[in-house]
Amino acid sequence: MTVAGYEMKLERRVTLAGWQAALIALLAIGVALAAFSVLFILAGASPLTAYREIFRYAFFNRYGSLLTLNRFIFLALATFAFVIPFRAGLWNIGMTGQMYVGALAAFGVLYAFGGKQPGSANLNPYVVIPLMVIAAAVGGAITGAVAGFLKGKWDVNEIVVTMMLNFMAFWLVSHMIKEGGPFMNPGGRGESFEVPPSVRGPLIGNVPFTIVFALGLALLLEWLFAKTKLGYQIRAYGHSPKAARYAGIVPERISILVFVVGGAIAGLAGYHYFAAVPGVYKISRDYAYFGDLAFYGIICGLIARGNAIAALPVALLFGGLSIGGRFVQGKLGLGFGIDYALLGVLMITLVAFQFFYRYRFAWNRSE
Amino acid sequence: MGQFIARSLEAATIFTFAGLGELINQRSGILNVGIEGIMLFGATLGFIVTKTTESYLLGFLAALVVGALLGLLHGFFSITLGVDQVVSGMGVWILGFGLTTYIGSPYTGPLGLERIDTIFGVSPFFYMAVILVLLTWFVLFKTNVGLKVRSVGENPSVAEVSGIRVTRIRYACTTIGGMLAGFAGAVYALFYNPVWNYNFLMGWGFIALALVFFSMWNPLLLSGGALLFGLLWQLSLNPELFLPGIFSRYIWRMVPFAITIVVLVLISTKWFRLRWGAAKPEALGQPYYKD
């Protein structure tokens, strides 16, 4: 194609610098938001008003920005759970199930300490809270380990296995909190009993302490992948499992390891939302919504190209968009599920933009 | 009991349509992990069209069209743009899951039309599925077109050299695969369970995907697997028919998924691999660049 004396050609990229990847990501998000305007227009709302309301509520409103931060923590953890296996070339789309089991394990600790009884106000937070956090991580890790073990040992497709585990965990939660399940709320409302006030996740300022996990893990993972032998092994395995074997890397071990660590982090995400976010403090009836949100982790992870630090601003943006989306949905009288639709549009745009990670447009003066 | 078996056959029909679509996809070397998304789209649009026009025919047509378009989209990403096929399939799934939640929510609730008539106790779709299984088997293994599809899935470069249009065949297969997945979704939403609710499929598409691995890419084995899982699915919905009082109904819902994992593990063992390895399309999941 020739434009104004310049010839445009597609060229295969040889290298991709960090700033180039970031530019493509920004462009993809921009295009997705522009495409998404169509839905606002179809619903009879001005896209400019809608986006202004979304951003104003999500990032500048006192109440909304706290919700955004809560969701940011959740999305960041879900993203890490996806990213660690992703660096090893494996697909963990089981963050949802790992997070459910993590949440159940944390509530299991409460249950064991008698937290279900209404008069259990004086549980020792210094004992119970750490145990809940550990249990959540272990629960998630075990769920993840199933997929990692099967993948490593017999090369069982991890996408299908993690997805099956998601559905199993979904029904397991229903079993535990509904129709006479052990964690059922004494009021019998189809949700779990509440976390007693004394052992609710402490707040730093107004933000759940789990933000420390989100920020700390980002640094830790960056260090792991950039500086350590293990991180190198994971990346090498991700590039070529066969070559990694010649380099003395045991594939089974890598596969199990990345899924255990990823699962543990997803378990923490479950702890975060159901036991540390103000206003929730129970496995709510709409727990499937939080499970669905975990799929944002896939998009954040893909946009950040597996980089945990780069995932943080993306998670913050998407957290804000989903919170703000819910807000304008009510305010502008839009249909239910704006945040779901956004998830879909972002994802498919991002897929299309994968192309530009491999190709670029080159402009040459035509002869 | 008769009712139970009929329902199982209907469930098997849906697995068969979706699985056949995926099988045709994979035979041409394209993996589509997003069939659940295509099914959701077919189901939702089919449901909306039928509900507004009161015409089943238009609903099924809408499902076929949207399925074909999504299959084409996956083809465009994975064939023309050379995007990782898993990434693209994930995209299709999440697009379907996200967008149908929004599009369909005003239509939440029952369809409110008279059920499609049955023939000898089962829906016409069952007979369509039987014919389609035989037809697919015949075309894939007994005709020239089938040979072309399979050779494209085995080794696209060699196929290209021998004069086969790889890109065209792959596009045709992803489009047909998408149509069948869309149709499967519509059978679910317009006949099997005509009540719309967000993300109502809850894993049908992913089980269909697993069934294709399990079938060794043979339509006849696929239909056998679909029958088994149709039965299992129905059993998990009505455990009281056979084993009353054991476990809560939620625990039973976990069973088909657990069995899917077990089956996947079994077919991944060495004994099975010796046979399976030969059947697997060699170029499955790998992008093909014509140089």
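Just so it is clear, the structure is predicted and the values come from calculations on it, not from any experiment.

Peer 1: Lay out the overall build of chain B with the relevant residues and their values.
Peer 2: For chain B, the count of helices and strands is twelve helices and two strands. Ordering the α and β elements of chain B from the N terminus gives α-α-α-α-β-α-α-α-α-β-α-α-α-α. Against the compact-globule benchmark of 19 Å for 291 residues, chain B has a radius of gyration of 19 Å, which places it among compact chains. Dimensions along the principal axes, computed over C-alpha positions, put chain B at roughly 60 × 45 × 35 Å. Every one of the 291 residues in chain B was classed for burial, and the buried ones make up 59%. The contacts in chain B between residues at least 6 apart in sequence include a share of 82% that link residues at least 24 apart. When the accessible area of chain B is evaluated, it comes to approximately 11400 Å², of which 69% is carbon and sulfur surface.

Peer 1: A description of the nonpolar core should follow, citing residues and the corresponding values.
Peer 2: Counting 230 residues, the largest nonpolar core has Phe 80, Trp 91, Tyr 271, Ile 298 and Phe 318 of chain A together with Met 90 and Trp 204 of chain B as the members making the most contacts within it. Not counting the four nearest positions on each side in its chain, Phe 80 of chain A is found in contact with Ala 214, Leu 217, Ala 218, Leu 221, Ile 265, Ala 308, Ala 311 and Leu 312 of chain A.

Peer 1: Kindly report on a nonpolar patch on the surface, identifying the contributing residues and their values.
Peer 2: Residues and elements named next belong to chain A. The grouping of Phe 113, Tyr 126, Val 127, Leu 131, Ile 134, Val 138 and Ile 142 at the surface amounts to a nonpolar patch, some 690 Å² of accessible area in total. Structurally, Val 127 is set in helix H5 (residues 125-154). With relative accessibility at 36%, the residue Val 127 sits in the partly exposed group.

Peer 1: Residues and numbers for the environment of Glu 282 of chain B, please.
Peer 2: Residues and elements named next belong to chain B. Considering the arrangement of structural elements, one finds Glu 282 in the segment after helix H12 (270-279). Using a relative accessible area of 53% as the deciding quantity, one classes Glu 282 as exposed. A sequence separation of 274 residues divides Glu 282 from Ser 8, and the C-alpha atoms of the two residues are 34 Å apart. Ignoring sequence-local partners within four residues, the contact set of Glu 282 consists of Gly 153 and Glu 154.

Peer 1: Residue-level account of the interface of chain A and chain B, with values.
Peer 2: Size of an interface: often given as the accessible area lost when the parts come together. Counting residues at the interface gives 48 residues for chain A, matched by 48 residues for chain B. Summed over both sides, the interface between chain A and chain B buries roughly 4300 Å², with carbon and sulfur atoms accounting for 80% of that surface. Of the charged contacts in the structure, one is a salt bridge between Arg 249 of chain B and Glu 179 of chain A, with a shortest N-O distance of 2.7 Å. Remark: the boundary between chain A and chain B carries seven residue pairs in polar contact (both at pLDDT 80 or more). Put simply, the parts of the chain that give the side of chain A that touches chain B at least two residues each are H5, helix H6 (158-177), helix H11 (287-293), helix H12 (296-303), helix H14 (338-353) and helix H15 (355-358) of chain A.

Peer 1: Lay out empty space enclosed by the protein in plain terms, naming residues and giving numbers.
Peer 2: This model, assessed by the stated rule, comprises two cavities of 30 Å³ or more. Each pocket or cavity is described by its volume, and for the largest cavity that value is around 50 Å³. Considering the residues around the largest cavity, the lining is formed by Tyr 289, Asp 292, Leu 293, Tyr 296, Asp 339, Tyr 340 and Leu 343 of chain A. Elements with a contribution of two residues or more to the lining of the largest cavity: H11 and H14 of chain A. Looking at the second largest cavity, the residues that line it are Ile 207, Ala 210, Leu 211, Phe 214, Phe 229, Thr 260, Val 263 and Leu 264 of chain B. Elements that contribute at least two residues to the lining of the second largest cavity include exactly helix H9 (204-214) and helix H11 (249-267) of chain B. If you tally residues by element for the lining of the second largest cavity, the top one is H9 of chain B, at four residues.

About the criteria used
Residues numbered from 1 in each chain as written. Chains lettered and ligands numbered in written order. Predicted model: local features only at pLDDT ≥ 70, side-chain atom pairs only at ≥ 80, totals over all residues. Heavy atoms only, no water. Helix = DSSP H or I, 4+ residues; strand = E, 2+ residues; numbered from the N terminus. Rg over C-alpha atoms; globule rule 2.2 N^0.38 Å. Buried < 20%, exposed > 50% of the residue type's maximum accessible area, 1.4 Å probe, protein only. Contact = heavy atoms within 4.5 Å. Areas by Shrake-Rupley, 256 points an atom, 1.4 Å probe, with all protein chains shown as cover. Core = buried A, V, L, I, M, F, W, Y, C linked by side-chain atoms within 4.5 Å. Patch = residues over 30% accessible without salt bridge, like charges linked within 9 Å, V, L, I, M, F, W, Y side chains within 5 Å. Salt bridge = Lys/Arg side-chain N within 4 Å of Asp/Glu carboxyl O. Buried area = accessible area lost by both parts, 1.4 Å probe. Polar contact = N/O pair within 3.5 Å; in protein donor to acceptor, adjacent residues only side chain to side chain. 1 Å grid on protein atoms, 1.4 Å probe; cavity = no way out; pocket = protein on both sides within 12 Å on 5 of 7 lines; lining within 4 Å. Points joined across faces, edges and corners; volume = space filled by probe spheres on them.

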